[in-house]
Amino acid sequence: MLKLMLIVALIAGCSGTWGGTKHVNRVGATLAIATLAVDAYQTDTAARAGWKGEHEVNVIMGQDPSPLAVDLYFTAVTASVVGLIQIIPERYRWIAYGLVITSQIVVIASNATR
């Protein structure tokens, strides 16, 4: 379910005016979804492997979330990001996308070093 939703969101970000009519917003929307997808993949992989001495640091999911909890969390977060950023005036969306991308890059890098 999560993978399908992320693929649809990523494809939607690459087409039409999703994210806005400005090129920077379309690219930002696509990169934000892509970085969320990478984080979701890393977290899902750890959950399916049984965490093996590692723990999730996200307090919402808890220390050792199940793969289902990870899927539900990232589905809700991705839908929230997609929906909430759309209510921001288009000229400021690039800032919101930049914040999502930056925070996700930090998380992805942290996940990769474990």
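Use the structure listed above.
Reference entry: report on the structure contained in this document. Please read all numbers here as calculations on a predicted model, not as lab measurements.

Here's the deal with the packing of aromatic side chains
Part 1 of the argument: According to the stated counting rule, one finds one aromatic pair in the structure shown.
Part 2 of the argument: Here the aromatic rings of Tyr73 and Phe74 are separated by 5.1 Å at their centres, their planes lie at 85°, and the arrangement is edge-to-face. Neither Tyr73 nor Phe74 differs from the other in exposure class; each is buried.

Focus on the nonpolar core
As a rule of thumb, nonpolar side chains are buried together in soluble globular proteins.
Part 1 of the argument: With eleven residues, the main nonpolar core is built from Ala29, Ala32, Ile33, Leu36, Val81, Val82, Ile85, Ala96, Tyr97, Val100 and Ile101.
Part 2 of the argument: Of all elements in the fold, only α2 (23-48), α3 (67-86) and α4 (93-112) reach the threshold of two or more residues within this core.
Part 3 of the argument: Counting eight residues, the second-largest nonpolar core is a separate cluster that includes Ala40, Ala46, Ala47 and Met61.

Some remarks on the environment of Glu56
Part 1 of the argument: Along the chain, the position of Glu56 falls in the loop between α2 and α3.
Part 2 of the argument: Glu56 sits in the buried class, given a relative accessible area of 13%.
Part 3 of the argument: C-alpha separation for the pair Glu56 and Thr43, spaced 13 residues apart in sequence, amounts to 7.9 Å.
Part 4 of the argument: Residues in contact with Glu56, not counting those within four places in the same chain, are Thr43, Trp51, Met61, Gly62, Gln63 and Pro65.

Re the pattern of salt bridges
Part 1 of the argument: Applying the stated criterion across every chain, the model contains two salt bridges.
Part 2 of the argument: Within this structure, Asp44, Arg48 and Asp71 form a network of salt bridges that share partners.

A word on a nonpolar patch on the surface
Part 1 of the argument: A cluster of nonpolar side chains, namely Val24, Tyr92, Trp94, Ile95 and Leu99, defines an oily patch on the protein surface of about 520 Å² accessible area.
Part 2 of the argument: Among the elements that make up the nonpolar patch, the one with the highest residue count is α4 (three residues).
Part 3 of the argument: Structurally, Ile95 is set in helix α4.
Part 4 of the argument: Taking the relative accessible area as the measure of exposure, Ile95 reaches 38% and is therefore partly exposed.

Basis of the calculations
Residues numbered from 1 in each chain as written. Predicted model: local features only at pLDDT ≥ 70, side-chain atom pairs only at ≥ 80, totals over all residues. Heavy atoms only, no water. Phe/Tyr/Trp six-rings, centres within 6.5 Å; stacked < 30°, edge-to-face > 60°. Buried < 20%, exposed > 50% of the residue type's maximum accessible area, 1.4 Å probe, protein only. Core = buried A, V, L, I, M, F, W, Y, C linked by side-chain atoms within 4.5 Å. Helix = DSSP H or I, 4+ residues; strand = E, 2+ residues; numbered from the N terminus. Contact = heavy atoms within 4.5 Å. Salt bridge = Lys/Arg side-chain N within 4 Å of Asp/Glu carboxyl O. Patch = residues over 30% accessible without salt bridge, like charges linked within 9 Å, V, L, I, M, F, W, Y side chains within 5 Å. Areas by Shrake-Rupley, 256 points an atom, 1.4 Å probe, with all protein chains shown as cover.

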